[in-house]
Amino acid sequence: ATPRRYDLVFLDPPYAAGLLAPALAGLGRVLKPVHRVYLEWPQGQPPALPPGWRLLKEKGAGQVSYGLTVHDAPAP
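To keep things clear, this report deals only with the structure shown in the data block. Source: prediction; values computed, not measured. (Residues numbered from 1 in each chain as written. Predicted model: local features only at pLDDT ≥ 70, side-chain atom pairs only at ≥ 80, totals over all residues. Heavy atoms only, no water.)

As for the environment of P47
Position of P47 relative to the elements: it lies in the loop between β2 (31-42) and β3 (53-61). A sequence separation of 22 residues divides P47 from T69, and the C-alpha atoms of the two residues are 11 Å apart. Excluding its chain neighbours within four sequence positions, the residues that come into contact with P47 are L20 and W41. (Helix = DSSP H or I, 4+ residues; strand = E, 2+ residues; numbered from the N terminus. Contact = heavy atoms within 4.5 Å.)

As for the layout of surface pockets
Its volume calculated, the largest pocket comes out at about 220 Å³. Looking at the largest pocket, it is lined by 15 residues, and the ones nearest its centre are Y15, L20, W41, P42 and P47. Mapped onto the lining of the largest pocket, the elements with two or more residues apiece are α1 (20-27) and β2. Grouping the constituent residues of the lining of the largest pocket by class yields 12 nonpolar, 2 polar and 1 charged. (1 Å grid on protein atoms, 1.4 Å probe; cavity = no way out; pocket = protein on both sides within 12 Å on 5 of 7 lines; lining within 4 Å. Points joined across faces, edges and corners; volume = space filled by probe spheres on them. Nonpolar A, V, L, I, M, F, W, Y, C, P; charged D, E, K, R; others polar.)

Observations concerning the packing of aromatic side chains
What the rule picks out here adds up to 2 aromatic pairs. Relative to Y38, the ring of F10 lies with its centre 5.5 Å away and its plane at 50°, an arrangement referred to as tilted. On the criterion of sequence distance, the pair formed by F10 in strand β1 (residues 6-11) and Y38 in strand β2 is long-range, its members being 28 residues apart. By way of ring pairs, the aromatic residues F10, Y38 and Y66 are connected into one cluster. (Phe/Tyr/Trp six-rings, centres within 6.5 Å; stacked < 30°, edge-to-face > 60°.)

Quick look at the structure:
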(Lines give C-alpha, C1' and ligand atoms only; values in the text may rest on other atoms or scores of the structure.)
Protein backbone atom coordinates (compact mmCIF):
# COMPACT_ATOMS: atom_id res chain seq x y z
CA ALA A 1 0.00 0.00 0.00
CA THR A 2 1.12 3.53 -0.61
CA PRO A 3 0.43 6.58 1.56
CA ARG A 4 0.07 8.71 -1.58
CA ARG A 5 -3.27 9.50 -3.19
CA TYR A 6 -3.64 10.56 -6.81
CA ASP A 7 -6.12 12.83 -8.57
CA LEU A 8 -4.98 12.08 -12.14
CA VAL A 9 -3.74 8.76 -13.56
CA PHE A 10 -2.88 7.85 -17.16
CA LEU A 11 -3.31 4.17 -18.14
CA ASP A 12 -2.23 2.98 -21.58
CA PRO A 13 -1.06 -0.64 -21.23
CA PRO A 14 -0.33 -2.78 -24.30
CA TYR A 15 -3.78 -3.54 -25.73
CA ALA A 16 -3.39 -7.31 -26.16
CA ALA A 17 -1.80 -7.85 -22.73
CA GLY A 18 -5.08 -7.80 -20.75
CA LEU A 19 -3.64 -5.43 -18.15
CA LEU A 20 -6.25 -2.68 -18.10
CA ALA A 21 -8.87 -4.38 -15.90
CA PRO A 22 -6.32 -5.63 -13.30
CA ALA A 23 -4.71 -2.18 -13.17
CA LEU A 24 -8.09 -0.52 -12.58
CA ALA A 25 -9.06 -3.12 -9.96
CA GLY A 26 -6.09 -2.16 -7.77
CA LEU A 27 -6.19 1.56 -8.46
CA GLY A 28 -9.32 2.56 -6.51
CA ARG A 29 -7.60 2.44 -3.13
CA VAL A 30 -4.97 5.05 -4.09
CA LEU A 31 -7.22 7.66 -5.68
CA LYS A 32 -8.24 10.95 -4.11
CA PRO A 33 -11.99 11.47 -3.64
CA VAL A 34 -12.05 13.77 -6.71
CA HIS A 35 -10.05 12.13 -9.48
CA ARG A 36 -9.93 11.18 -13.17
CA VAL A 37 -8.29 8.22 -14.88
CA TYR A 38 -7.38 8.53 -18.56
CA LEU A 39 -7.59 5.31 -20.59
CA GLU A 40 -6.81 4.32 -24.18
CA TRP A 41 -8.09 1.30 -26.12
CA PRO A 42 -8.34 0.12 -29.72
CA GLN A 43 -11.11 1.79 -31.75
CA GLY A 44 -14.31 -0.28 -31.60
CA GLN A 45 -13.15 -2.37 -28.62
CA PRO A 46 -14.32 -0.52 -25.50
CA PRO A 47 -12.77 -1.72 -22.26
CA ALA A 48 -14.69 -3.92 -19.83
CA LEU A 49 -14.54 -1.77 -16.72
CA PRO A 50 -14.45 -3.55 -13.34
CA PRO A 51 -17.34 -2.97 -10.91
CA GLY A 52 -17.29 0.51 -9.40
CA TRP A 53 -15.83 2.20 -12.48
CA ARG A 54 -17.72 4.33 -14.96
CA LEU A 55 -16.78 6.07 -18.18
CA LEU A 56 -17.41 9.83 -18.08
CA LYS A 57 -16.32 10.85 -21.55
CA GLU A 58 -15.12 9.06 -24.67
CA LYS A 59 -13.55 10.23 -27.93
CA GLY A 60 -11.51 8.75 -30.75
CA ALA A 61 -8.61 9.62 -33.00
CA GLY A 62 -7.64 7.33 -35.85
CA GLN A 63 -7.45 3.76 -34.59
CA VAL A 64 -7.50 4.71 -30.90
CA SER A 65 -10.32 5.56 -28.53
CA TYR A 66 -9.70 7.31 -25.24
CA GLY A 67 -11.73 8.45 -22.29
CA LEU A 68 -11.95 9.61 -18.72
CA THR A 69 -13.22 7.30 -16.01
CA VAL A 70 -13.89 7.58 -12.30
CA HIS A 71 -14.07 5.07 -9.51
CA ASP A 72 -17.19 5.37 -7.38
CA ALA A 73 -16.13 4.53 -3.86
CA PRO A 74 -18.68 2.44 -1.94
CA ALA A 75 -20.71 4.27 0.69
CA PRO A 76 -19.27 3.83 4.21
